[in-house]
Amino acid sequence: MIALTEVTKRFGAVTAVEALTLKIKRGEIFGLLGPNGAGKSTTIAMAVGLLKPDSGRVDLAGKGPPTDPEARRCVGLAPQALALYDELTATENLGLLASLYGMSRAEAVRRASELLNLVGLSERASARAKTYSGGMKRRLNLAAAMVHDPDVLLLDEPTAGVDPQSRHSILELIRGLRDRGKTVVYTTHYMEEAQRVCDRVAIMDHGRVLALGTVDALLREHGGKMTVHATNGAGERRVETDDPIAEIRSLLESGGATELRVERPNLESVFLGLTGRRLRD
Amino acid sequence: MRAVLAIAWKDVRLLRRDNASAFFTFFFPMVYALLFGTVMNSFGSGMGAMDIVVVDLDNTEGSAAFTEALANSNELDVLTLDADSGEEDARADARDLVRRRKRVASVVIPAGFGERVARPFVSGPMELEIALDPSRQAEGAMLQGLLMRRAFEQFQGVMRDSETLSAMAQEGLDSIRKETDEEKRRRLAPLEAFLGSLDTLITAMQEMRAEQSDDPRVRITSGEWMEPVKFTTTEITAEKANAYAITFPQGIVWGAMSASLAMALSLVVERRTGTLLRMQVAPLSRSTLLMGKALASGIISLLVLVVLIAMATLFGVRPSSAPLLILACGCTVVGFVGVMMLLSVCGKTEAAVNGIGWSTMLMLAMVGGAMMPRAFMPGWLQSLGMISPIGWSITALEGALWRDYSLAEMIGPCGALVAIGVVGFVVGVRVFDWSAARE
Ligand SMILES: Nc1ncnc2c1ncn2[C@@H]1O[C@H](COP(=O)(O)OP(=O)(O)OP(=O)(O)O)[C@@H](O)[C@H]1O
Ligand SMILES: [Mg+2]
């Protein structure tokens, strides 16, 4: 659905994205994970034509590069930095975007109220965007990406600064989009989030993809072993193992633990395994 | 105190990081001072000539010499019209040239001028009729001064001749007085009396001149002053052009300038707040996006124009042609949209665009003649005025308000405005930085 081939982008001495190749399939939720400055936003910006890659090619849904306005029609973008007209109401913001995509006035109004309903902002529909809280703005920013019902959604940290409840509903919304056959590319720092909704993830660092695959495959390949944490009077012990049951049994036999916890590998440990660093150091 | 310093240092640093803005804070005043300095320096010598038209209805040696003297002045560029087709026609033609802004003023030398030059004490002061463009009062005052000076030089010329005349008279008297033949002396007596009084007169004139040679006014007898030149000044189309008709075009143009600057800023603001990228991601071409901006700018300018013209009407200004006024407004709007486009792409921060914007506007206003008469500027600066939409839109608006321009006469200024608009738009679209990088 989106194909980036060997794209590179430099900002002066900084190489933000280096020879990156990504093929995103139709109907999948694709997670782009990585620490701050990994190059996630830069990748997204190149995918929609906001930045011109120094080298490499981008193709949108087989319609060509995003420099062609018609190719851009099939994507919707929710940028990381909120992009809203503060002095316009939510309805007006969405209505304006709808007109940019050629919708009639009536259509635009209908679509706006539908989307505001979807992101839970119906009650504040006629309040100016500047009166919104951070999380509300984030949700409106997301709604703005979906105005023209695009086949591909590029969501740059759609859950940043959103309360747990809203986060849950945003994730449900993203799942719902997949059910309707949409393709979603989505960046985040929250590993557990990606683990929950993504079909495939790419882990980026320093402008490169370190690993790419389904969550399960990544966990298997790079997640390492399970860890058993055992606490007794002497302190805590961590044991890495492939067979936690056997490990627990032997721990209990050899002198009793007051508390036992098994930690499964997660994407966090995948990143740790790949780079030797924790994600949010 | 620490906090005060910290705040101040932060602001200095911010200004320094915003290159364009810093440039204009420091550099523009210099450019401006230099430019004004050039203008002031050139005052007189390097100054561009003031265009006037002269109609000689007197056709005497005196008037021809005066016209010649005007034509030879560096400060003036003289077009002469002959009165073959009749006095009134020539007068009307000259006024027409002023109305059409081809000339700043018309100077008519009425019949009897030569006579007055030759016999200043008998026939009274020289008379000149000036018809002035009412929007160019400053130049009018300068013109009067110039004419006065040239006329006085003429007057002095006659005086200088009087020295030879005086010598000749003295010579004549001497020869008569030496005559021994009684018969001959009696016959020459009337001539002797004449030459005697002539000599007295000439001596009196010379004394007078010596007394105050720098003052163009001439003292005849003690306490009484005579103007060597009497001006009759009229303003063309005075019946239509009340003072507001002169000031409103200027006001309208400043209004259009502010409006386009405000819109130029809005593009930068959209870049900063990120909303620009929403439009960039939408399936719009770059020119569609900027066309939208241009249209907004046009609508705002038009509103300013409509409000100001409505106000002018309240103050008794009546356009000589409503359709032409609409045309002039339309073209003014187009011209300023071009300016807006150029401004909006020339900086990436509000401060930069604001700085560049106002300095450009001041420059354009200056070379466009909205701040000081163009005649006071050196020639090259005057030709630079061709690129200023300000001068052109004032011409177009005045043309429709009180200059009675015909459609053909509107083509010049309107064409220039449309050209500025188109060039501004095309260059703006070219230069517009599409990249999302927010600097
Ligand atoms: N406009 C710019 N000018 C200079 N450098 C830039 C610019 N935009 C991004 N960079 C650099 O490119 C690199 C990648 O930035 P990018 O915004 O893509 O990271 P990211 O993965 O989205 O990070 P985050 O999780 O913090 O959003 C960073 O080192 C950043 O400093
Ligand atoms: Mg980012």
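Just so we're clear, the structure is a prediction, and the values are computed from it rather than from any experiment.

What counts and what doesn't
Residues numbered from 1 in each chain as written. Chains lettered and ligands numbered in written order. Predicted model: local features only at pLDDT ≥ 70, side-chain atom pairs only at ≥ 80, totals over all residues. Heavy atoms only, no water. Helix = DSSP H or I, 4+ residues; strand = E, 2+ residues; numbered from the N terminus. Buried < 20%, exposed > 50% of the residue type's maximum accessible area, 1.4 Å probe, protein only. Contact = heavy atoms within 4.5 Å. Areas by Shrake-Rupley, 256 points an atom, 1.4 Å probe, with all protein chains shown as cover. Lys, Arg positive; Asp, Glu negative; His and termini not counted. Charge placed at Lys NZ, Arg CZ, Asp CG, Glu CD. Pairing = 2+ DSSP bridges. Expected span 1.5 Å × (residues − 1). Arc of directions from axis to C-beta. Polar contact = N/O pair within 3.5 Å; in protein donor to acceptor, adjacent residues only side chain to side chain. Near = heavy atom within 4 Å. pLDDT = per-residue confidence, 0-100. Buried area = accessible area lost by both parts, 1.4 Å probe. Salt bridge = Lys/Arg side-chain N within 4 Å of Asp/Glu carboxyl O. Nonpolar A, V, L, I, M, F, W, Y, C, P; charged D, E, K, R; others polar. Axes fitted to C-alpha atoms, helices over the stretch in contact; angles between N-to-C directions. Parallel < 35°, antiparallel > 145°, perpendicular 65-115°, else oblique. Left-handed = near helix turned anticlockwise from the far one by under 90°. Domains from an automatic or database assignment.

Colleague: Go over the overall build of chain A with me, naming the residues and quoting the values.
Modeller: Check the secondary structure of chain A and you find 10 helices and 12 strands. Overall size of chain A, expressed as C-alpha extent along the three principal axes, is 75 × 45 × 35 Å. Looking at chain A as a whole, 51% of its 281 residues qualify as buried. Restricting to contacts in chain A with at least 6 residues of sequence separation, those with at least 24 account for 64%. In the form shown here, chain A has an accessible surface area of approximately 13100 Å², with 49% of it arising from carbon and sulfur atoms. Averaging the locations of the 38 positively and 36 negatively charged side chains of chain A gives two centres separated by 4 Å.

Colleague: Would you mind going over the overall build of chain B in detail, with residue names and values included?
Modeller: The helix and strand tally for chain B stands at 16 helices and seven strands. Per-residue burial for chain B yields a buried fraction of 46% across its 439 residues. Contacts in chain B between residues at least 24 apart in sequence constitute 78% of all its contacts with a sequence separation of at least 6. Of the roughly 20900 Å² that chain B leaves accessible, carbon and sulfur atoms contribute 62%.

Colleague: Summarise the pairing of strand β4 (residues 126-132) of chain B; cite the residues concerned and give the values.
Modeller: All names here are of chain B. With five of seven residues buried, β4 lies mostly within the body of the structure. Sheet topology places strand β3 (residues 105-109) next to β4; four bridges connect them, and they run antiparallel. Following the sheet pairing, S106 is matched in β4 by A131.

Colleague: Which residues make up helix α6 (residues 164-179) of chain A, and what values do they have?
Modeller: Residue and element names in this part refer to chain A. Look at α6: 23 Å from first C-alpha to last across 16 residues, which is about the 22 Å you get at 1.5 Å a residue. Restricting attention to buried positions, one finds in α6 the residues S166, R167, I170, L171, L173, I174 and L177. Along the long axis of α6, the arc covered by the buried residues comes to 155°, so they all point the same way. Across from the buried face of α6, at angles greater than 90 degrees, the exposed residues are P164, Q165 and D179. In the core, the buried residues of α6 are packed alongside β3 (29-33), α4 (105-118), α5 (134-145), β6 (152-156), β7 (183-188) and α7 (191-197). Capping the start of α6, D163 holds a side-chain oxygen 3.0 Å from the backbone nitrogen of Q165, two or three residues further along. The first or second residue beyond α6 is G181, which carries a positive phi of 85°.

Colleague: So what's going on with the site of ligand 1? Which residues, and what values?
Modeller: The full set close to ligand 1 counts 15 residues, and G37, K40, S41, T42 and H189 of chain A are the nearest of them. Among the chains of the assembly, those with residues near ligand 1 are chains A and B. A distance of 3.1 Å is found between an oxygen atom of ligand 1 and a backbone nitrogen or oxygen belonging to A38 of chain A. One of the backbone N or O atoms of G39 of chain A is found 2.9 Å from an oxygen atom in ligand 1.

Colleague: How would you summarise the confidence of the model for chain A if you had to cite specific residues and measurements?
Modeller: Any segment with low pLDDT has predicted coordinates that should not be analysed in fine detail. Taken residue by residue, chain A gives an average pLDDT of 89. The fraction at 70 or more is 99%. Looking over chain A, one finds the lowest element-wise mean pLDDT in strand β11 (residues 235-241) of chain A, namely 80, and the highest in β6 of chain A, namely 95.

Colleague: Describe the interface of chain A and chain B, naming the residues involved and giving the relevant values.
Modeller: Taken together, the contacts link 21 residues of chain A with 18 residues of chain B. Surface buried jointly by chain A and chain B totals about 1700 Å² across both partners, of which 63% is contributed by carbon and sulfur atoms. Across the contact surface, chain A and chain B share zero salt bridges. Counted by class, the side of chain A that touches chain B contains 16 nonpolar, two polar and three charged residues.

Colleague: I'd love a proper account of the packing of helix α11 (residues 286-314) of chain B against helix α16 (residues 407-431) of chain B, names of residues and values included.
Modeller: Residues and elements named next belong to chain B. Contact pair α11 / α16: the axes reach a minimum separation of 10 Å and the direction vectors enclose 130°. Taken together, the axis directions place α11 and α16 in an arrangement best described as oblique. Judged by the twist between their axes, the crossing of α11 over α16 is right-handed. Seen from α11, the contacting residues are R286, S287, L290, M291 and A294; seen from α16, they are F425, G428, V429 and R430.

Colleague: Could you give an account of the domain arrangement of chain B, naming the residues involved and the relevant values?
Modeller: Residue and element names in this part refer to chain B. Each assigned domain of chain B is listed with its residue range as follows: domain 1 (50-235) and domain 2 (243-438). At the junction of the two partners, domain 1 supplies 12 residues and domain 2 supplies 14 residues. Summed over both partners, the interface of domain 1 with domain 2 buries about 1100 Å², with 56% contributed by carbon and sulfur atoms. On the domain 1 side of the interface with domain 2, the three residues burying the most area are R99, R101 and S135, jointly 50% of the side's total. For the pair domain 1 and domain 2, the number of links is four salt bridges. For E398, the salt bridge identified is with R101, shortest N-O distance 3.8 Å. There are seven residue pairs in polar contact (both at pLDDT 80 or more) connecting domain 1 and domain 2. The set of elements that each furnish at least two residues to the side of domain 1 that touches domain 2 consists of α4 (87-99) and α7 (137-178).

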